[in-house]
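# Coordinate inspection notes
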Amino acid sequence: MSNNKNRNDIIAIIFVFLLAILLEYVEAFSLIEDETLSYRQILRTHYADESLTNPSDDVVVVYTDEGFYAEYDKYPLRRVDLSTIIVRLKEMGARVIGVDMLLDFNSAYGEDPTLADALRETGNVLLVSQAEFEGDEFVRVNTAIPKFADLTESGYSNISANSAISESIVRLHIYPEVAEQENGWPFAVKAVSMFLEEEPELANGGLTIGPDINVQLDHFSEMYIDYPLLPLGNDGMARLHEVVGISASDILFAQDTEELEDLAYVVNEKIVLIGEVAEVAHDEFETPVGNVYGVNIIADTISTILRSGPLVAAPLWLESVIALILLIVLLISRSMQAPLKRNLLSFSAAFFFVATVFLAYVYFGLVLSLSYTLLASLVAIIFINARFYLSEMGQKALIRDAFGQYLSPKVVADLVKDPEKLTLGGEEREMTAYFSDIAKFSTFSEKLTPSELVNVLNDYLTEMCNIIIGLEGTVDKFEGDAIMAFWGAPAIQRDHAKLACFASIDMNKALAPLRDKWVAEGRPSISVRMGVNSGPMVVGNMGSAQRMNYTVMGDTVNLASRLEGANKAYNSGLMISEATYSACQGDIDVRELDTIRVVGKSAPVKVFQLLERKNQTADSISDLVEKFEHALDTYKDRNYADALAGFEACLKLAETDGPSHTYVARCQKFLVDPPAADWDGVFTLDEKG
């Protein structure tokens, strides 16, 4: 067992934070981290400066979608028609024309000369290529066929996620080895280079393109793509090409130069990307803002570069300082004995860290790692609380050893949490008391040997107590075959009445298989009476300084005991008071039985037979209850002849229905000897049951 002088948890916590910084540096949890970036990016698009969140004015997407191909009536786009689009875009003033279509094979239809002529004529076309690797080793750049590559610029578009599990495109990876060996650059970088007429360079941990563009890269030579805010469209969030794009059909199918001139303002002096946004092309990728077509990702990347990369990875020293501050706060919480204060400080620090990470990303474009330090903090909180838990186990063990012999396990657990409850005395609470007894137990026990009786009682009491405890009740005591239990203590239970009723219903159902088992073993069948009442009662440790019992006392408890016995007069099995019914009437089905005075009580109480959970009563019983209630209303009106007929009709539905038999006998008596004119309708029981 650990003690307050044990420092092993400090060593473990420091180790966890050091490990987190290392894992953060190598990005071991890219999947988790990229998921957090999704939420941050969504917030950024809504709350950051509009100059950063709006799509760039310098990029236009000319797209081929389902609508285009429906009009085009063929797939894919022919190279001769691509030539027409390229030439017309040049005539409309496009400064750079980027073609996001890999043209690395010869056309089988003799279209290549036409496209080559178009590329030669325009002179500002950028074709997509692919950088090929074997493992981590760069092999070559797979460009368009020579007749096209010699007439154009080339940029690779290796769109891939950082995690092997997640497919989310968060960053653009720039391969320095490709730039060194092949003078090759990502498609987006090359497009900006052509647009600004400046050569890109990698230096001092950043990408520069001329004097105005300086994009800070992380230690993996990656830049974060800043996805823009897009308006809502007819089918949810609009796609980028729907906001900053025009359909290829508007250019290819233009009837005259006047139509093209009308569209020229859209593409004039801009970077124009030609790409597929049709589902058949399968060029869609997961990003922090949802699924995005590849050409749109390129457009977003170009916009990010033109803005000098507003999202910047935090340096390792800053990440380490933040982790150190959080570590110090958690170590300070370690000195707090009160768990509420300790955890409030710990989780407040973690929450403040998360809020800082989000705010830094949204408003300042500073990308701080979240998952690594946060996971380290949660592990540290677990270590700290485990230390306190282990140090307190000795004290709790002493309490269990001292009081576990004569108090229920739940009460002992409550005492372990609050040892002050060991003092004598109680408190008044709203609770529910339960009593049950086996009917004619003396006759039942006479038919069994002592050993058989013990076995039967053990089976019965075990089954009943499992149900009581399973529904959060406390078993107070056994008196032979009788069970006393209560709900609402030690822990406060707002739904104590409902729990007591549900337990009573389940215990009544559990009797059926027990009866079948005993009858099969040649033993007599049994019936059980149960009484439930809710209201104020005193609960606590009662007894002497030498011996205490955690129990309940009061008139409410006594009435519950009387209701158990009152079942005998109605053969009702399961009787609850009006107070219990009122507390949970939305949860149970009942049948009103009577208004009675029990032995020893002058105040009348309305009682009900508990049937089932709400709306779960069988149809046959529901029909019986409906007829019974009608007959009972007639009985209350002192129309005993019609009431007698009504109760006899109930017996035709269920000939063993105890309450109906009771009222049949009572109506027959009242027809011969009516009650006094001033009778209040309350039936007084003359025996406990």
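Just above sits the structure.
Think of each chain on its own: its residues are numbered from 1, step by step along the sequence as written. For a predicted model such as this one, the threshold for reporting local features is a pLDDT of at least 70, and the threshold for listing and counting side-chain atom pairs is 80 or more; totals across whole chains, interfaces and linings nevertheless cover every residue. Each side-chain value is worked out from all heavy atoms of the structure, with water and hydrogens disregarded.

### Some remarks on the overall build of the protein
Secondary structure is summarised from DSSP: a helix means a run of H or I of at least four residues, a strand means a run of E of at least two, and numbering begins at the N terminus for each. Summing up its helical and strand segments, the protein has 25 helices and 27 strands in all. It is over C-alpha atoms that the radius of gyration is taken, and the globule rule equals 2.2 Å times the number of residues to the power 0.38. Expected size for 689 residues packed as a compact globule is a radius of gyration near 26 Å; at 41 Å, the protein overshoots this value by more than 25%. For the protein, the spread of C-alpha atoms along the principal axes amounts to about 120 × 70 × 50 Å. The 689 residues of the protein split such that 49% are buried. A separation threshold of at least 6 residues defines the contact pool for the protein, and within that pool the share at least 24 residues apart is 73%. Of the roughly 33400 Å² of accessible surface on the protein, 53% is carried by carbon and sulfur atoms. By the counting rule applied here, Lys and Arg register as positive and Asp and Glu as negative, while His and the ends of each chain are not counted. The location of each charge is read from NZ of Lys, CZ of Arg, CG of Asp or CD of Glu. One way to put it: in the protein the 54 positive side-chain charges average out to a point 16 Å from where the 100 negative ones average out. For each residue, the accessible area found with a 1.4 Å probe, counting protein chains only, is set against the maximum for its type, and the residue is called buried under 20%, exposed over 50%, and partly exposed in between. Here, two residues are considered to be in contact whenever any of their heavy atoms come within 4.5 Å of each other. Here the open area of atoms and residues is found with the Shrake-Rupley method and a 1.4 Å probe, where only the protein chains shown may cover a residue.

### What about the packing of helix α9 (residues 187–196) against helix α13 (residues 294–306)?
At a minimum axis distance of 9 Å, the contact between α9 and α13 shows a crossing angle of 55°. Judged by the inter-axis angle, α9 sits oblique to α13. Where α9 crosses over α13, the handedness of that crossing is right-handed. Contacts between α9 and α13 pair Phe187, Ala188, Val189, Ala191, Val192 and Phe195 from the former with Ile298, Thr301, Ile302, Ile305 and Leu306 from the latter. A fitted line through C-alpha atoms represents every axis, and for helices the fit uses only the stretch in contact; the resulting angles, taken between N-to-C directions, go from 0 to 180 degrees. In these notes the angle categories are as follows: under 35 degrees is roughly parallel, over 145 is roughly antiparallel, 65 to 115 is roughly perpendicular, and the rest is oblique. The hand of a helix crossing depends on one turn: near helix anticlockwise from the far one by less than a right angle means left-handed, and clockwise means right-handed.

### A short note on the nonpolar core
Within soluble globular proteins, side chains that are nonpolar tend to cluster in buried spots. Residues belong to one nonpolar core when they are buried, are Ala, Val, Leu, Ile, Met, Phe, Trp, Tyr or Cys, and are joined through side-chain atoms within 4.5 Å. Within the largest apolar cluster, 43 residues are counted, with the highest numbers of intra-cluster contacts made by Tyr434, Tyr460, Ile576 and Ile588. Considering every element that reaches this core, the biggest residue donor is helix α20 (residues 496–520), with 12 residues. Aside from chain neighbours lying at most four places away, what touches Tyr434 is Ile468, Ile483, Met484, Ala485, Trp487, Ser504, Met507, Met530, Gly531 and Val532.

### Focus: the packing of helix α1 (residues 8–26) against helix α14 (residues 316–333)
The interhelical angle for the contact between α1 and α14, taken along N-to-C directions, is 160°, at an axis separation of 11 Å. Between α1 and α14, the interaxial angle falls into the category roughly antiparallel. Crossing geometry of α1 relative to α14 is assigned as right-handed. Facing α1, whose interface residues are Ile10, Ile13, Ile14, Phe17, Ile21, Glu24 and Tyr25, α14 presents Leu316, Glu319, Ser320, Ala323, Leu326, Leu327, Leu330 and Leu331.

### Looking at helix α12 (residues 257–267)
Because an α-helix packs 3.6 residues into every turn, residues spaced three or four apart end up facing the same way. Along α12, the residues classified as buried are Leu260, Leu263, Ala264, Val266 and Val267. One side of α12 carries all its buried residues, which in axial view fall inside an arc of 145°. Every exposed residue of α12 that faces more than 90 degrees away from the buried side is listed here: Glu258, Glu261, Asp262 and Tyr265. Two to three positions downstream of the cap, the backbone nitrogen of Glu258 sits 3.1 Å from a side-chain oxygen, assigning the N-cap of α12 to Asp256. Backbone geometry just downstream of α12 places Glu269 in the positive-phi region, at approximately 60°. The arc in question is formed by the directions pointing from the helix axis toward the C-beta atoms. Between N or O atoms, a polar contact is any pair within 3.5 Å; within protein, one atom must be a potential hydrogen donor and the other a potential acceptor, and residues adjacent in sequence are included only when both atoms are from side chains.

### Things to note about the environment of Val280
Following the sequence through the fold, Val280 ends up in the loop between β14 (271–276) and β15 (284–287). If near-sequence neighbours (up to four positions away) are discounted, Val280 is found in contact with Glu66 and Tyr75.

### Thoughts on the sheet that holds strand β7 (residues 200–203)
What makes two strands pair is DSSP finding at least two bridges between them. Overall, antiparallel pairing links the 3 strands, which are arranged β7-β8-β9 in an open sheet. In this open sheet, the two edge strands, each paired with only one partner strand, are β7 and β9 (213–216). When the angles between neighbouring strand axes are averaged without regard to direction, this sheet yields 20°. The pairing of β7 with strand β8 (residues 206–209) spans 4 bridges and is antiparallel. Among the inter-strand pairings, Ala203 is bridged to a residue of β8, identified as Gly206.

### Overview of the packing of aromatic side chains
Any two rings among Phe, Tyr and Trp, with Trp reduced to its six-membered ring, count as a pair given centres within 6.5 Å; such a pair is stacked if its planes are under 30 degrees apart, edge-to-face if over 60, and tilted if neither. Enumeration over the complete set of coordinates arrives at 18 aromatic pairs. Consider the rings of Tyr72 and Phe253, whose centres lie 6.5 Å apart with planes at 35°: the pair is tilted. Here the residue Tyr72 occupies a position in helix α4 (residues 66–72), and Phe253 occupies one in the loop between α11 (248–252) and α12, the gap between them amounting to 181 residues. Relative accessible area serves as the criterion here: at 6%, Tyr72 is assigned to the buried category. Ring centres of Tyr570 and Tyr663 lie 6.5 Å apart, and the angle between their planes is 45°; this geometry places the pair in the tilted category. One end of the pair, Tyr570, is in helix α21 (residues 555–570); the other, Tyr663, is in helix α25 (residues 658–672), with 93 residues separating them in the sequence. Given a relative accessible area of 1%, Tyr570 falls into the buried group. Exposure remark for Tyr663: the relative accessible area of 0% places this residue in the buried category. Members of the aromatic cluster, each reached through a chain of ring pairs, are Tyr570, Phe628, Tyr635, Tyr640, Phe647, Tyr663, Phe670 and Trp679. A ring is considered to have a charge above it if a Lys NZ or an Arg CZ atom is located within 6 Å of its centre and within 35 degrees of its normal. The ring of Phe628 is capped by Arg591, whose NZ or CZ atom sits 4.5 Å from the centre of that ring. Between Arg666 and the ring centre of Phe683, over which it is positioned, the NZ or CZ distance is 3.6 Å.

That is the geometry; function is a separate question.
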